[in-house]
Amino acid sequence: YCETLSNISIPNSVTNIGSNIFSGCRNLQFATLPNNMTVIPWGMFSSCESLETINLPSTITEIEGYAFSNCSSMNRIILPNGLKSIGEYAFAGCENLKSIFYGEEAPVWNYIRIGDNAFLDGVKIYFGKGNYLPSEDGLIRGTCGENLIWTFDNTSDHLIISGSGNMDDSYMTS
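Residues numbered from 1 in each chain as written. Predicted model: local features only at pLDDT ≥ 70, side-chain atom pairs only at ≥ 80, totals over all residues. Heavy atoms only, no water.

Time to look at the overall build of the protein chain. Secondary structure summary: the protein chain contains one helix and 14 strands in total. Counting only residues that meet the buried cut, the protein chain has 43% of its 174 residues in that class. The long-range fraction of contacts in the protein chain, counting pairs at least 24 apart against all pairs at least 6 apart in sequence, stands at 35%. Of the accessible surface of the protein chain, which amounts to about 9100 Å², a share of 47% is contributed by carbon and sulfur atoms. (Helix = DSSP H or I, 4+ residues; strand = E, 2+ residues; numbered from the N terminus. Buried < 20%, exposed > 50% of the residue type's maximum accessible area, 1.4 Å probe, protein only. Contact = heavy atoms within 4.5 Å. Areas by Shrake-Rupley, 256 points an atom, 1.4 Å probe, with all protein chains shown as cover.)

Turning next to the environment of Ile-161. Its location among the elements puts Ile-161 in strand S13 (residues 158-163). Note: C-alpha distance between Ile-161 and Trp-150 (eleven residues apart in sequence) is 4.3 Å. With near-sequence residues (within four places) excluded, Ile-161 lies in contact with Cys-144, Leu-148, Ile-149, Trp-150 and Met-167.

All right, on to the pairing of S13 then. Little of S13 sits out of view: just zero of its six residues are buried. Relative to S13, strand S12 (residues 148-153) is paired through six bridges, and the arrangement is antiparallel. Its bridge partner lying in S13, Phe-152 is registered against Leu-159. (Pairing = 2+ DSSP bridges.)

Moving on, we get to unusual backbone geometry. Look at Asn-20: it is not a glycine, yet its phi comes out positive at around 55°. Turning to its location among the elements, Asn-20 is positioned in the loop between strand S1 (7-9) and strand S2 (30-32). Relative accessible area serves as the criterion here: at 40%, Asn-20 is assigned to the partly exposed category. Its identity as a non-glycine residue notwithstanding, Tyr-66 has a phi of 60°, on the positive side. With respect to the helices, strands and loops of the structure, Tyr-66 is situated in the loop between strand S4 (62-63) and strand S5 (76-79). Residue classification places Tyr-66 among the partly exposed positions, given a relative accessible area of 30%.

On to the sheet that holds S4. With parallel pairing, four strands are arranged side by side in an open sheet as S3-S4-S6-S8. Looking at which strands have only one partner, the edges of the open sheet turn out to be strand S3 (39-40) and strand S8 (113-114). Pairing analysis gives two bridges linking S3 to S4, with the strands arranged parallel. Looking at the pairing, Ile-40 lines up with Ile-63 of S4.

Below, the structure written as structure tokens:
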């Protein structure tokens, strides 16, 4: 049914997506979601073993249970600043997920309802002001001051800060 599907692009005109819609699409590597989407439904990408990364719309407020479970190739994810809830087992079985980027500061993270076993142990959560910017080259960029930009290479775990000026407070946890 979806064994050969490798890329999906859902237009902004789609307003509701059902549970488990892409579950088991083992070759799915890339997905573009509607900009007006607010919820990642239950099991939406469960067992999409080839899905490495996904750019979530900034409008996402809830990731339901098992949404990305067993996405064994996923190595990082950028969570939108307005996120309010992550369901149980949402990222369970994502053994290569090493980095979660969240644009708000650590105290805001504490207000997100996180379900049981949402993540595997050892995932690092990076906090910071502003939005994280995914790029075509696989790097993640963000701001850390008025004239400062950081770039993170997840494959080598290198962080490069460029620009000049005062650096804002930032947090990282593991």
